[in-house]
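# Notes for the structure review
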Amino acid sequence: MSINASGWRPEAPISVGKTSSTTTGNKALMLEEALIFEIGDTTTTGVDFDQAPPLQGRGWGGAVPQNATADSRRGPTPNPSPEGEGLKDSRLGTLARTAPIGLPGLSEPETVRHYTRLSRQNYGIDLGFFPLGSCTMKHNPRLNEKMARLPGFADIHPLQPVDTVQGALGVINELANWLITLTGMYGVAMTPKAGAHGELCGMLCIKAALEARGEGHRKVVLVPESAHGTNPATAAFAGYTVEDIPATAEGRVDTAALLARLGPDVAAVMITNPNTCGLFERDMKVISDAVHAAGGFVYCDGANFNAIVGRVRPGDLGIDAMHINLHKTFSTPHGGGGPGSGPVVLSEALAPFGPLPFTARMADGHLQLIEEETAGDEHPHSFGRMCAFHGQMGMFTRALTYILSHGADGLRQVAEDAVLNANYILRSLDTTLEAPFGTSGPCMHEALFSDNGLAEGFSTIDVAKGLIDEGFHPMTMYFPLVVHGAMLIEPTETESKAALDQFIVALRSVAERAKAGDVSLKSAPHFAPRSRLDETLAARKPVLVWKDPDLAQAAE
Amino acid sequence: MRYLPLTQPDRDAMLGVIGVATIDDLFVDVPEAARLDGPIHGLPMHASEMAVERHMSALARKNLTAGQGPFFLGCGAYKHHVPASVDHLIQRGEFLTAYTPYQPEIAQGTLQMLFEFQTQVARLLGTDVANASMYDGSTACWEAIGMARRITKRGKAILSSGLHPHYVSVAKTMAKFTGDALETSAPTLSADTDLDALIAAIDKDTSCVVVQYPDILGRIADLKPLADACHAQKALLIAVVTEPVALGAIKSPGEMDADIVVGEGQSLGVGLQFGGPYVGLFGCKEKYVRQMPGRLCGETLDADGRRGFVLTLSTREQHIRREKATSNICTNSGLCALAFSVHMTLLGEAGLRQLAAINHAGAVAAAERLAQVPGVELVTPTFFNEFTLKLSQEARPVVRTLADRGILAGVSLGRLYPGVGALANGLVVAVTETTSAEDVEALASALQEILA
């Protein structure tokens, strides 16, 4: 019986068991989206211009596509107009483009929908808990975004006369001052574009410093086996031979082994502190002193600075160089894989060798930006330039905004809450999963578990994929290498206790299933936009660009 | 503090679960001498959103922005109009706050976008394949030189005098540490590029020739003879494009048989941002793909047979190969690549070609107008949207004086090549769709006054 004349009445859903597939392949809010090459064409544009192209005369290879087809590979053919009275000739010489490019366009509404649909197939911090160990996936405040977009920062050119960009240099200097002060270091190289670029910067400073004192023969860099892969890759790139230093049973650098290896051939050690097992290297100062006594330098991978910001200054531990991932500790967005930013703080011994442009503390205490033309007087030992212009300015404005928001007191609280959250996870789960270094003391910002105790044939990846079905982004898997089936969980300080509690319940449940050998985990995730993807196929027959199906077949 | 959800009762309860009394107990492994007992002295304390906004806005106001008046700077960073929807889309939280797509089942948005980006870039540069982006054009350029060394097993790279001096500096820095020999020189203030000299310099020890197109002075030259000369000696041709919009109007380097084409993608979607973050473009011939640095996205199938995308060929990369990796690169410029890709999708081929046509036409008109000013000579007969003028006096002070009048007149070669007297009177002027005829007129009349 109807409630009103329209025939409407409240309905309760009727269960019909497993739903069948849909005609479109879409499932309500889960919408499939084709490639732009399949839905666009080369004649469509989503941009209106307020001028028609005024060049039609001699030497102009044809501007606007005239007869493009839906097949973007064939695209437009040039249609040069006859020479016209009063029309300017092009200055392209013989190089005017004649061949089609094959770039599909979409109207603006289609473009917005295309990328909005794609975005919904992504997991992000905004959506939920993203405990990727060593990556520091903390909340990205939108104030940072707003400040970076102020025209005074977003709409200035890197080569404008310096007196027209004093505010931008002010941002760099102010951030540099914070980074130097927070780390207790002497100078900072602001330009490195990411963490690994920062590592390279630090190692190049070390190499330049050694060469300056006639010790270029030091060719060995010691790297703990728990290090990020970028550390040995960086050292090798800088021309060094990499030697592994073992870890102790408690998950720290084997200090005795490291000290025993020091000698006249060792250029540097690269240590991550807090380390990738989530532990603070208690002997850091002892190691630094010994390395210095042996004539080497200490590089610290600062990826995990979030655990100690405001509580410990790396300069007090004898560090010579450390990169700071602004996209980790200082909340600039990860953006689906960059852009990052990796300023490098330097000790007094290394600061003279830092790259250009360089920000350093002058004798009177103020900070100054030095470029090529003044380098000869002010910074004669610089090893040179690492990138065009001034580094990741857009990240500097975001990071400074974040730092000012927290202040010295808030940043200290950041480290404390990050460490508290990680220890809470460690102690809440160490009876469910094996915590190989659970007895090594408190962890810092991340909790490490192994896959020991899972049923035969089950591994960390199955736990990770099970967590996807539970609505979480998985932890870091199989890193660090020193732990079998490592699961590295970094909650960060921006998670509430309620969020942690829900995650703990979920991980316990998934881990128990893996321990019990629940085969449904082997095919997880079941509820994601895709099930497990064939990475072997992707690598064996790489398809890296889209090709029109007919052309692709013809090629085979 | 607005970014910290834990309450004090939460903290106390959690310490209880952990089994310690205070937060300090969790930092016991820090040596006592290194423990700070309170907020670091001399730094400000936390601040409200409004207070931070006020502080940052005050800094921003000290800068003269490109949009405030006539603006003509280029040389590796260009002012283009970016449609509003680009910035909206890249601020979708699912793009902005995602990580590198290591869990592909829940990162198909980023991965499909990267696959589209790779295809757009490859087609634009005229290469078979392209990667998922590099830090910027200058680092992409260096990585290309390193890649050429790996492929040819030779250690001498010849850099054109028309290559952006910052890119040259980056290559020089890196070469010091890898032992590559670089041949470099400063450009001459003339119509002719150094292609003939480059061709003459190639020998059996040459790994690659690096040439910018259009070059730092804006000149464009046919790269085919250079490519042929490289290949005759089994060297590679690396072309560098700092203004991708140009490829809407001129032949791509790939069409002229360049082996590796790198570029700066900033012009599309990214904006000026005082030099960064930008997005490096990197494409090459298919046969060299396994020597390519950086991330690659590839197509594959999921367990149910549906098309999907993953990061692939990662055995080149540092997290697998450690010290034997092709590069230490661990990141790309994902969000800037997205901005580039969205802008390119909005333009499409028709839009890109129209945009390029407008840029070129504006530059031609501006060059002709400025060349009429007494004391101004047009150095570059062919160009896309950027050309070089020779002034009757040193350009750098002129640029400074014009800035005081609110005109950002271009990049003086004195800024880029300090101490090179022969270039001191050079001024590189860029004209894009954002430049109006009134802007050009303002520059012309101001120049006329100053040079009189």
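What counts, and where the lines are drawn
Residues numbered from 1 in each chain as written. Chains lettered and ligands numbered in written order. Predicted model: local features only at pLDDT ≥ 70, side-chain atom pairs only at ≥ 80, totals over all residues. UniProt positions renumbered as here; feature names shortened; annotations may be inferred. Helix = DSSP H or I, 4+ residues; strand = E, 2+ residues; numbered from the N terminus. Pairing = 2+ DSSP bridges. Contact = placed C-beta atoms within 7 Å. Axes fitted to C-alpha atoms, helices over the stretch in contact; angles between N-to-C directions. Buried ≥ 20, exposed ≤ 12 C-beta atoms within 10 Å, placed from the backbone. Nonpolar A, V, L, I, M, F, W, Y, C, P; charged D, E, K, R; others polar. Domains from an automatic or database assignment.

## Focus: the UniProt feature "domain: Aminotransferase class V" (unreviewed entry) in chain A
Under the local residue numbering, the UniProt record ascribes the feature "domain: Aminotransferase class V" (unreviewed entry) to residues 219–335 of chain A. Structurally, residues 219–335 of chain A comprises 21% helix and 21% strand, and the distance from its first C-alpha atom to its last is 37 Å.

## Quick look at the sheet that holds strand 5 (residues 236–241) of chain B
All names here are of chain B. Here we have seven strands laid out as an open sheet, ordered 1-7-6-5-4-2-3, and mixed in their pairing. If you trace the sheet from one side to the other, it starts and ends with strand 1 (129–130) and strand 3 (181–183), each paired once. Bridge count for strand 2 (residues 156–159) against strand 3 is three bridges, and the pairing is parallel. When the sheet's bridge partners are listed, isoleucine 158 is paired in strand 3 with glutamate 183. Packing of helix 7 (residues 165–178) onto the sheet brings it into contact with strand 2, strand 3 and strand 5, and relative to strand 3 it is tilted by some 155°. Where helix 9 (residues 224–232) meets the sheet, it contacts strand 4 (206–212) and strand 5, and its direction lies at approximately 145° from that of strand 5.

## Notes on unusual backbone geometry
Cis geometry marks the peptide bond from A:Leu356 to A:Pro357; its omega dihedral reads -15°. The phi dihedral of A:Ser134 falls on the positive side, at around 75°, and the residue is not glycine. Its 23 C-beta neighbours within 10 Å are what place A:Ser134 among the buried residues. Not every positive phi belongs to a glycine, and B:Lys153 is a case in point at roughly 55°.

## Thoughts on the interface of chain A and chain B
Listed per partner, the contact involves 184 residues of chain A and 168 residues of chain B. Ranked by the residues each element gives to the side of chain A that touches chain B, the list is headed by helix 11 (residues 393–429) of chain A, at 22 residues. When the residues that make up the side of chain A that touches chain B are grouped by side-chain class, the tally is 91 nonpolar, 62 polar and 31 charged.

## Topic: the sheet that holds strand 11 (residues 386–391) of chain B
Residue and element names in this part refer to chain B. Pairing in this open sheet of four strands is antiparallel, and the strands run 10-11-13-12 from one edge to the other. In the strand order of this sheet, the two ends are held by strand 10 (376–378) and strand 12 (411–412), each with one partner. Where strand 12 meets strand 13 (residues 426–430), two bridges bridge the pair, whose relative direction is antiparallel. Across the sheet, the residue bridging to valine 411 is valine 428, located in strand 13. Of the strands in this sheet, strand 10, strand 11 and strand 13 touch helix 11 (residues 334–371), which is tilted by about 140° from strand 10.

## Digging into the domain arrangement of chain A
What the domain assignment lists for chain A is domain 1 (22–33 + 102–121), domain 2 (145–399) and domain 3 (413–531). The straight-line distance from the C-alpha centre of domain 1 of chain A to that of domain 2 of chain A is 42 Å.

## Overview of the UniProt feature "domain: Glycine dehydrogenase C-terminal" (unreviewed entry) in chain A
What UniProt calls "domain: Glycine dehydrogenase C-terminal" (unreviewed entry) maps, in this numbering, to residues 416–515 of chain A. The span residues 416–515 of chain A carries 43% helix and 8% strand; its end-to-end C-alpha distance comes to 33 Å.

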